[in-house]
Amino acid sequence: MTALQTAVVLIGPMGAGKTSVGKRVAKSLGVRFIDTDRVVAREHGPIPTLFETLGEPGFRALERDAVRDAVAQPVVVSLGGGAVLDPATRALLRELPVVLLTVTPEAVESRISGSDRPLLHDDGLAAWKAIAAERAPLYADLADLTLDTSHRPLSHVVADIVTWVGTDHA
Ligand SMILES: Nc1ncnc2c1ncn2[C@@H]1O[C@H](COP(=O)(O)OP(=O)(O)O)[C@@H](O)[C@H]1O
Ligand SMILES: O=C(O)C1=C[C@@H](OP(=O)(O)O)[C@@H](O)[C@H](O)C1
Ligand SMILES: [Mg+2]
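The structure displayed is predicted, hence computed values, not measured ones.

## Section: the nonpolar core
And then number 1: Val21, Val76, Val99, Leu101, Trp128 and Ile161 are the most contacted members of the largest nonpolar core, which totals 30 residues.
And then number 2: Contributions of two or more residues to this core are made by strand E1 (8-11), helix H1 (18-29), strand E4 (98-102), helix H5 (105-112), helix H6 (125-142), strand E5 (145-148) and helix H7 (154-169).
And then number 3: Judged by nonpolar contacts, the second largest core, of 26 residues, contains Val9, Phe51, Val71 and Tyr139.

What follows is the structure, given as C-alpha coordinates:
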(Lines give C-alpha, C1' and ligand atoms only; values in the text may rest on other atoms or scores of the structure.)
(Ligands and ions follow the chains in the order given, each with its own letter.)
Protein backbone atom coordinates (compact mmCIF):
# COMPACT_ATOMS: atom_id res chain seq x y z
CA MET A 1 0.00 0.00 0.00
CA THR A 2 1.44 3.36 -1.06
CA ALA A 3 0.41 6.26 1.14
CA LEU A 4 0.12 9.38 -0.99
CA GLN A 5 1.08 12.78 0.39
CA THR A 6 -1.38 14.57 -1.88
CA ALA A 7 -3.85 13.87 -4.62
CA VAL A 8 -2.46 12.61 -7.94
CA VAL A 9 -4.56 14.17 -10.70
CA LEU A 10 -5.24 12.96 -14.25
CA ILE A 11 -6.14 15.51 -16.91
CA GLY A 12 -6.50 15.44 -20.69
CA PRO A 13 -9.01 15.41 -23.52
CA MET A 14 -12.16 13.33 -23.72
CA GLY A 15 -11.40 9.67 -24.39
CA ALA A 16 -7.72 9.91 -23.46
CA GLY A 17 -8.33 7.34 -20.73
CA LYS A 18 -8.48 9.41 -17.53
CA THR A 19 -11.33 7.44 -15.99
CA SER A 20 -10.15 3.95 -16.95
CA VAL A 21 -6.48 4.58 -16.23
CA GLY A 22 -7.11 6.49 -12.99
CA LYS A 23 -9.24 3.71 -11.58
CA ARG A 24 -6.48 1.16 -12.21
CA VAL A 25 -3.71 3.41 -10.89
CA ALA A 26 -5.63 3.85 -7.63
CA LYS A 27 -6.18 0.11 -7.34
CA SER A 28 -2.50 -0.57 -7.93
CA LEU A 29 -1.46 2.03 -5.33
CA GLY A 30 -4.08 0.82 -2.85
CA VAL A 31 -5.68 4.24 -2.55
CA ARG A 32 -9.18 5.53 -3.22
CA PHE A 33 -10.21 6.67 -6.69
CA ILE A 34 -12.41 9.69 -7.40
CA ASP A 35 -13.75 10.52 -10.85
CA THR A 36 -15.19 14.01 -10.63
CA ASP A 37 -17.75 13.34 -13.38
CA ARG A 38 -19.07 10.44 -11.33
CA VAL A 39 -19.30 12.64 -8.24
CA VAL A 40 -21.24 15.32 -10.10
CA ALA A 41 -23.56 12.74 -11.67
CA ARG A 42 -24.15 11.00 -8.35
CA GLU A 43 -24.96 14.25 -6.57
CA HIS A 44 -26.82 16.13 -9.31
CA GLY A 45 -27.89 13.71 -12.06
CA PRO A 46 -26.61 12.55 -15.45
CA ILE A 47 -24.16 14.87 -17.20
CA PRO A 48 -26.17 15.14 -20.47
CA THR A 49 -29.20 16.22 -18.43
CA LEU A 50 -27.14 18.78 -16.51
CA PHE A 51 -25.88 20.29 -19.78
CA GLU A 52 -29.50 20.51 -20.98
CA THR A 53 -30.97 22.00 -17.84
CA LEU A 54 -28.11 24.18 -16.51
CA GLY A 55 -26.04 24.73 -19.65
CA GLU A 56 -22.28 24.25 -19.76
CA PRO A 57 -21.62 27.07 -17.22
CA GLY A 58 -23.94 25.40 -14.71
CA PHE A 59 -22.17 22.08 -15.16
CA ARG A 60 -18.75 23.77 -14.79
CA ALA A 61 -19.77 25.30 -11.46
CA LEU A 62 -20.77 21.88 -10.08
CA GLU A 63 -17.59 20.38 -11.52
CA ARG A 64 -15.41 23.04 -9.91
CA ASP A 65 -16.80 22.21 -6.45
CA ALA A 66 -16.36 18.47 -7.01
CA VAL A 67 -12.75 18.99 -8.14
CA ARG A 68 -11.94 21.22 -5.16
CA ASP A 69 -13.21 18.61 -2.70
CA ALA A 70 -11.59 15.66 -4.50
CA VAL A 71 -8.08 17.09 -4.89
CA ALA A 72 -7.93 17.99 -1.19
CA GLN A 73 -7.57 14.27 -0.41
CA PRO A 74 -4.59 11.88 -0.85
CA VAL A 75 -6.30 9.86 -3.58
CA VAL A 76 -6.14 9.40 -7.36
CA VAL A 77 -8.46 11.90 -9.07
CA SER A 78 -9.57 11.81 -12.71
CA LEU A 79 -11.07 15.06 -13.94
CA GLY A 80 -13.44 15.66 -16.83
CA GLY A 81 -11.64 17.00 -19.89
CA GLY A 82 -12.96 20.53 -19.46
CA ALA A 83 -12.27 20.96 -15.75
CA VAL A 84 -9.02 22.81 -16.50
CA LEU A 85 -11.01 25.66 -18.07
CA ASP A 86 -11.69 26.92 -14.56
CA PRO A 87 -8.99 29.29 -13.19
CA ALA A 88 -9.55 28.23 -9.57
CA THR A 89 -9.09 24.59 -10.56
CA ARG A 90 -5.89 25.45 -12.43
CA ALA A 91 -4.53 27.20 -9.32
CA LEU A 92 -5.16 24.07 -7.23
CA LEU A 93 -3.57 21.80 -9.83
CA ARG A 94 -0.37 23.85 -9.93
CA GLU A 95 0.39 22.62 -6.39
CA LEU A 96 -0.22 18.93 -7.17
CA PRO A 97 1.34 16.10 -9.23
CA VAL A 98 -0.59 16.19 -12.51
CA VAL A 99 -0.52 13.51 -15.20
CA LEU A 100 -1.63 14.51 -18.70
CA LEU A 101 -3.01 11.69 -20.84
CA THR A 102 -3.06 12.43 -24.56
CA VAL A 103 -4.51 10.57 -27.54
CA THR A 104 -4.46 11.10 -31.29
CA PRO A 105 -7.67 11.80 -33.24
CA GLU A 106 -7.19 8.48 -35.08
CA ALA A 107 -7.04 6.51 -31.84
CA VAL A 108 -9.83 8.38 -30.10
CA GLU A 109 -12.36 7.98 -32.91
CA SER A 110 -13.57 4.52 -31.88
CA ARG A 111 -13.35 5.39 -28.18
CA ILE A 112 -15.82 8.28 -28.52
CA SER A 113 -18.20 6.77 -31.05
CA GLY A 114 -21.63 6.38 -29.47
CA SER A 115 -20.46 8.49 -26.54
CA ASP A 116 -23.02 10.38 -24.47
CA ARG A 117 -20.62 13.30 -23.99
CA PRO A 118 -22.79 16.39 -24.67
CA LEU A 119 -20.01 18.41 -26.34
CA LEU A 120 -19.60 15.68 -28.97
CA HIS A 121 -23.29 15.17 -29.76
CA ASP A 122 -23.38 17.23 -32.93
CA ASP A 123 -19.98 16.99 -34.60
CA GLY A 124 -18.27 13.97 -33.04
CA LEU A 125 -14.63 13.77 -34.03
CA ALA A 126 -14.56 17.26 -35.57
CA ALA A 127 -15.77 18.74 -32.29
CA TRP A 128 -13.28 16.60 -30.35
CA LYS A 129 -10.38 17.90 -32.48
CA ALA A 130 -11.39 21.54 -32.08
CA ILE A 131 -11.90 21.24 -28.32
CA ALA A 132 -8.67 19.28 -27.78
CA ALA A 133 -6.65 21.82 -29.80
CA GLU A 134 -8.14 24.77 -27.93
CA ARG A 135 -7.31 23.25 -24.53
CA ALA A 136 -3.89 21.82 -25.42
CA PRO A 137 -1.93 24.81 -23.99
CA LEU A 138 -3.81 24.60 -20.69
CA TYR A 139 -3.09 20.90 -20.41
CA ALA A 140 0.60 21.30 -21.28
CA ASP A 141 1.03 24.10 -18.80
CA LEU A 142 -0.29 22.01 -15.90
CA ALA A 143 1.32 18.65 -16.71
CA ASP A 144 4.19 17.20 -14.66
CA LEU A 145 4.12 13.93 -16.61
CA THR A 146 2.65 13.40 -20.09
CA LEU A 147 1.78 9.97 -21.49
CA ASP A 148 0.19 9.22 -24.83
CA THR A 149 -2.39 6.43 -24.67
CA SER A 150 -2.92 6.03 -28.44
CA HIS A 151 -0.73 3.06 -29.18
CA ARG A 152 0.07 1.45 -25.85
CA PRO A 153 -1.90 -1.01 -23.77
CA LEU A 154 -3.74 0.57 -20.89
CA SER A 155 -1.74 -1.58 -18.44
CA HIS A 156 1.54 0.01 -19.62
CA VAL A 157 0.17 3.52 -19.11
CA VAL A 158 -0.97 2.52 -15.63
CA ALA A 159 2.43 1.00 -14.80
CA ASP A 160 4.26 4.17 -15.92
CA ILE A 161 2.14 6.33 -13.64
CA VAL A 162 2.52 3.99 -10.66
CA THR A 163 6.31 4.02 -11.10
CA TRP A 164 6.38 7.80 -11.45
CA VAL A 165 4.28 8.28 -8.33
CA GLY A 166 6.51 5.88 -6.39
CA THR A 167 9.68 7.60 -7.54
CA ASP A 168 8.76 11.25 -7.26
CA HIS A 169 5.62 11.68 -5.26
CA ALA A 170 4.95 8.88 -2.76
N1 LIG B 1 -4.14 2.49 -23.99
C2 LIG B 1 -5.29 2.94 -23.53
N3 LIG B 1 -5.28 3.82 -22.52
C4 LIG B 1 -6.44 4.31 -22.06
N5 LIG B 1 -7.68 3.98 -22.51
C6 LIG B 1 -7.74 3.09 -23.51
C7 LIG B 1 -6.56 2.54 -24.05
N8 LIG B 1 -6.93 1.71 -25.02
C9 LIG B 1 -8.27 1.72 -25.06
N10 LIG B 1 -8.77 2.55 -24.15
C11 LIG B 1 -10.21 2.77 -23.95
O12 LIG B 1 -10.52 4.13 -24.21
C13 LIG B 1 -11.61 4.53 -23.42
C14 LIG B 1 -11.19 5.75 -22.64
O15 LIG B 1 -12.32 6.25 -21.99
P16 LIG B 1 -12.27 6.97 -20.59
O17 LIG B 1 -11.42 6.23 -19.63
O18 LIG B 1 -13.69 7.23 -20.22
O19 LIG B 1 -11.53 8.34 -20.99
P20 LIG B 1 -11.69 9.79 -20.37
O21 LIG B 1 -12.08 9.63 -18.95
O22 LIG B 1 -10.34 10.40 -20.56
O23 LIG B 1 -12.73 10.45 -21.20
C24 LIG B 1 -11.98 3.37 -22.50
O25 LIG B 1 -13.04 2.65 -23.08
C26 LIG B 1 -10.69 2.53 -22.52
O27 LIG B 1 -10.94 1.17 -22.29
O1 LIG C 1 -14.14 17.75 -22.05
C2 LIG C 1 -15.25 18.10 -21.55
O3 LIG C 1 -15.65 19.29 -21.57
C4 LIG C 1 -16.08 17.07 -20.90
C5 LIG C 1 -15.52 15.84 -20.64
C6 LIG C 1 -16.27 14.74 -20.01
O7 LIG C 1 -15.39 13.93 -19.23
P8 LIG C 1 -14.25 12.97 -19.88
O9 LIG C 1 -13.10 13.85 -20.29
O10 LIG C 1 -13.89 12.05 -18.77
O11 LIG C 1 -14.87 12.30 -21.04
C12 LIG C 1 -17.38 15.30 -19.13
O13 LIG C 1 -16.83 16.00 -18.04
C14 LIG C 1 -18.25 16.23 -19.92
O15 LIG C 1 -18.88 15.50 -20.94
C16 LIG C 1 -17.48 17.41 -20.52
MG1 LIG D 1 -13.64 10.36 -17.74
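## Notes on the site of ligand 1
And then number 1: Lining the immediate surroundings of ligand 1 are 15 residues, of which Gly15, Lys18, Ser20, Arg111 and Arg152 lie closest.
And then number 2: Between ligand 1 and Lys18, the relevant distance is 2.7 Å, taken from an oxygen atom to a side-chain nitrogen or oxygen of the residue.
And then number 3: Taking Leu154, its main chain carries an N or O atom lying 3.4 Å from a nitrogen atom of ligand 1.
And then number 4: In isolation ligand 1 has 570 Å² of accessible area, and contact with the protein removes 72% of it.

## Regarding the UniProt feature "binding site: substrate" (unreviewed entry) in the chain
And then number 1: Sequence positions flagged by UniProt for "binding site: substrate" (unreviewed entry) are, in local numbering, Asp37, Arg60, Gly81 and Arg135.
And then number 2: When neighbours within four sequence positions are excluded, Asp37 is seen to be in contact with Ile47, Phe59, Glu63 and Gly80.
And then number 3: Inspection of the secondary structure assignment puts Arg60 in helix H3 (residues 47-71).
And then number 4: Not counting the four nearest positions on each side in its chain, Arg60 is found in contact with Phe51, Gly82, Ala83, Leu85, Leu119 and Arg135.

## Let's talk about the site of ligand 2
And then number 1: Taken together, Met14, Lys18, Asp37, Phe59, Arg60, Gly80, Gly81, Gly82, Arg117, Pro118, Leu119 and Arg135 make up the full set of residues near ligand 2.
And then number 2: Residue Asp37 places a side-chain N or O atom 2.7 Å away from an oxygen atom belonging to ligand 2.
And then number 3: A distance of 2.6 Å separates an oxygen atom of ligand 2 from a polar side-chain atom of Arg117.
And then number 4: Notes on ligand 2: free accessible area 380 Å², of which the protein chains cover 95%.
And then number 5: Split into classes, the residues belonging to the shell around ligand 2 amount to four nonpolar, three polar and five charged.

## Comments concerning the packing of helix H2 (residues 36-44) against H3
When two helices pack together, their arrangement is given by the angle between the helix axes and the distance between those axes.
And then number 1: H3 packs onto H2 with a crossing angle of 120° between their chain directions and a minimal axis gap of 9 Å. When the interaxial angle is binned, H2 and H3 end up oblique. Seen along the crossing, H2 lies across H3 with a hand that is right-handed. When H2 is examined against H3, the residues Thr36, Asp37, Val39, Val40 and His44 are found in contact with a partner set consisting of Ile47, Leu50, Phe59, Leu62, Glu63, Ala66, Val67 and Ala70.
And then number 2: Residue composition of the contact of H2 with H3, by class: nine nonpolar, two polar and two charged.

What counts, and where the lines are drawn
Residues numbered from 1 in each chain as written. Chains lettered and ligands numbered in written order. Predicted model: local features only at pLDDT ≥ 70, side-chain atom pairs only at ≥ 80, totals over all residues. Heavy atoms only, no water. Core = buried A, V, L, I, M, F, W, Y, C linked by side-chain atoms within 4.5 Å. Buried < 20%, exposed > 50% of the residue type's maximum accessible area, 1.4 Å probe, protein only. Helix = DSSP H or I, 4+ residues; strand = E, 2+ residues; numbered from the N terminus. Near = heavy atom within 4 Å. Polar contact = N/O pair within 3.5 Å; in protein donor to acceptor, adjacent residues only side chain to side chain. Areas by Shrake-Rupley, 256 points an atom, 1.4 Å probe, with all protein chains shown as cover. UniProt positions renumbered as here; feature names shortened; annotations may be inferred. Contact = heavy atoms within 4.5 Å. Nonpolar A, V, L, I, M, F, W, Y, C, P; charged D, E, K, R; others polar. Axes fitted to C-alpha atoms, helices over the stretch in contact; angles between N-to-C directions. Parallel < 35°, antiparallel > 145°, perpendicular 65-115°, else oblique. Left-handed = near helix turned anticlockwise from the far one by under 90°.

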